[in-house]
Amino acid sequence: MLTKYPLFRLFLFYAFGVLISGYNLLAADARFLLAVFAIVLIILFWIVLKNDFKTLKSSAPAWYILFFVGGFLNTSVRDSIQQFESSKYYYLEVLERPIEKQKSYSAKAKILSNSNQSFKPTYTLVYFEKSASVKQLLPGDRIELHSAPSEIEGPKNPNEFNYKSYLELLNIHSRFYLKEGEWLIVKQGSGIQRVSSKIQYYFSQVIEYFGFPAEETAVLQALLIGNRFALSDELSASYASAGAMHVLAVSGLHVGILLLVLLNVSKPILHLRNGKFIQLAIVIIGIWSYAFITGLSPSVLRAATLFTFIYLGRFAKRDVGIYNALLASAFFLLLLQPNLIFQVGFQLSYAAVLGILYLQPKFYNLISKPKNIILDNAWAITCVSFAAQLATFPFSIYYFHQFPLLFLFSNLIVIVVTYGIMVFGLLFLLLGSLGVFVPVLYNPLYYLVWVMNYVVQLIQDIPNSVVYELSIERIELVLLYAIITLMSVGLARKNFRFMSASLICLLALSVFNVYENKRIDQTSELTFYSVGKNTALGYRKGKEVVLFADSSFLANDSKMQFHVIHHTWNQNLKGLKTIKLESDNVHGANEV
């Protein structure tokens, strides 16, 4: 395994070190670990210089220690916990274009300094009061403010989303709330991120200029240039319910389609002398140009890096080259920014691509190749969709608590339509930026987006098309991926040991669920929920639960889900009974 995939085990140990450090599972002195790292590095360097291949072959444990400690140190040294001490001012660098919220604008920023002499730069979130001046902020701008940061609060209710813990994994420990007049731009930024943001905004204006309807404009901006700000909550919910939300976030699907288009367009160049290298240059430049016009967001950078490495791996002309390229891209990104491993997008992207690379060919070969090209392409897309869903569904349940049942049908249409939108859309942006209106591009582009919106909304309206109220613990997430991985490899290789190991993991998962259900059946609890100015009290006996709350809280679905429903999902409870806490309904509460 180590010979065939030389990066596999090294990557695993490096990632393990990052995870151990990020979750604070090991209390170790950084100076001691640094000494261990240096000693092991010197020993391995000495072995390499001696050209002692026999010793080098038996030194695998030393390499594992080196990469584990390296991952741990690379994560821990970047963790800058904000000290909430008094300061007269703070000096921040804005890292992204502010995102419009319902009542404010938000942006990630880096605290560069304050009035205290000793300060270690750290990341923060900034919430701006809505004003015209906020819209002018761009990545790289430096602002001075005289407001103090506040600590991010942790969850106040059981099984509530721990936003504080999530941000800490991304090395964000504080936030600012700024009213107009409490901050001032002291220096305009510069650099590639700023230029990219301006170009993205320009193409956004191009799409709006040619007068597409509101929903079509929102989808085009999201799909073509990564601007999701105009998407309504209703439209986003429709795509999520249809299992097609991935098309609205510029990522691996879009860059993969672009790669396919560039390869097909540049095929004639292969007949030229050095045509293969010319095609390589066209593809790499094309991928990174697209990343540039979409704002160089983390998801775009991740996808561009991933497909750049995968395309370079194609020159090996073996599956081994592609897998090593996939690992190399993840390794490269985590070396630069180890906290990426905690981002949901990073986990979903690499799980989906790995699933497609490994599982799609095996699914596709389950039946004889269809002679009809339309049926063949439909079967290929179905296999891609199923492989991606199988590889990502544990993450989807863990983070989003739902699973779309009609994803095969929706993706069969959405992926094909997205390909058309990408082709017509990029041509439309190119000509539109030159002020040229081309009806032959406008009309098919409009109808393609309209059809896609219609399909996802139609699927959302089908009863029971989505399974909600799903919840799993972290240990169940690990066991699910162990089952999928071991079962897939075992079936592909017809290896009894892998199959047996997957069944053991399945048994462990079943035992865990039986234990949890029995524990809940035999216990009862009384929960006072922290819901701001509202009142909510839950009583559970076994699997029967009653919620006492005031009418305004019960009528607010978002508050109910965030503060209470996740708790009942975690305990696998169905059919929550609610009783209003009104003056004329006290007898109902007394009766229960």
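Right, let's walk through the structure included here. Here the structure is a predicted model, which means the values were calculated and not measured.

### Brief notes about the overall build of the protein
Then, in step 1: A tally of helices and strands in the protein yields 21 helices and 14 strands.
Then, in step 2: For the protein, whose C-alpha radius of gyration is 26 Å, the value lies close to the compact-globule estimate of 25 Å for 592 residues.
Then, in step 3: C-alpha atoms of the protein, sized along the principal axes, occupy 85 × 65 × 65 Å.
Then, in step 4: Burial status across the protein gives 45% buried among its 592 residues.
Then, in step 5: Taking all contacts inside the protein whose residues are at least 6 apart in sequence as the whole, residues at least 24 apart take part in 68%.

### Observations concerning the sheet that holds strand β14 (residues 577-580)
Then, in step 1: Strand order in the open sheet made by the four strands is β11-β12-β13-β14, with mixed pairing throughout. The sheet is open, and its two edges are formed by β11 (524-529) and β14, each paired on a single side. Averaged over neighbouring strand pairs, the angle between their axes works out to 15 degrees when direction is ignored.
Then, in step 2: Sheet analysis places β11 next to strand β12 (residues 536-541), joined by six bridges and oriented antiparallel. Across the sheet, residue Thr-527 finds its bridge partner in β12, namely Gly-538.

### Overview of the pattern of salt bridges
Then, in step 1: Inspection of the entire model under this criterion finds eight salt bridges.
Then, in step 2: One salt bridge in this structure joins Lys-156 and Glu-153, with 3.4 Å as the shortest N-O distance.
Then, in step 3: The exposure class of Glu-153 is partly exposed, given its relative accessible area of 49%.
Then, in step 4: A salt bridge links Arg-540 to Glu-525, with the shortest nitrogen-to-oxygen separation between them at 3.7 Å.

### Some points on unusual backbone geometry
Then, in step 1: You will see that His-401, though not glycine, has its phi angle at about 60 degrees, which is positive.
Then, in step 2: Here His-401 lies in the loop between α14 (373-400) and β9 (403-404).
Then, in step 3: Take His-401: its relative accessible area is 12%, and that puts it in the buried class.
Then, in step 4: The residue Glu-469 is not glycine, and still its phi comes out positive at about 60 degrees.
Then, in step 5: One can find Glu-469 in the loop between β10 (466-467) and α17 (474-493).
Then, in step 6: For Glu-469, a relative accessible area of 34% gives the class partly exposed.

### So, the packing of aromatic side chains
Then, in step 1: All chains considered together, the criterion is met by 29 aromatic pairs.
Then, in step 2: Measuring from centroid to centroid gives 5.4 Å for Tyr-90 and Phe-176, while their planes differ by 70 degrees, and the two rings are edge-to-face. Of this pair, Tyr-90 sits in strand β1 (residues 90-94) while Phe-176 is found in strand β7 (residues 172-178), placing the two residues 86 residues apart along the sequence. The pair formed by Tyr-90 and Phe-176 is uniform in burial state, with each residue classed as buried.
Then, in step 3: Measuring from ring centre to ring centre gives 6.1 Å for Phe-395 and Tyr-399, while their planes differ by 25 degrees; the resulting arrangement is stacked.

Conventions adopted
Residues numbered from 1 in each chain as written. Predicted model: local features only at pLDDT ≥ 70, side-chain atom pairs only at ≥ 80, totals over all residues. Heavy atoms only, no water. Helix = DSSP H or I, 4+ residues; strand = E, 2+ residues; numbered from the N terminus. Rg over C-alpha atoms; globule rule 2.2 N^0.38 Å. Buried < 20%, exposed > 50% of the residue type's maximum accessible area, 1.4 Å probe, protein only. Contact = heavy atoms within 4.5 Å. Pairing = 2+ DSSP bridges. Axes fitted to C-alpha atoms, helices over the stretch in contact; angles between N-to-C directions. Salt bridge = Lys/Arg side-chain N within 4 Å of Asp/Glu carboxyl O. Phe/Tyr/Trp six-rings, centres within 6.5 Å; stacked < 30°, edge-to-face > 60°.

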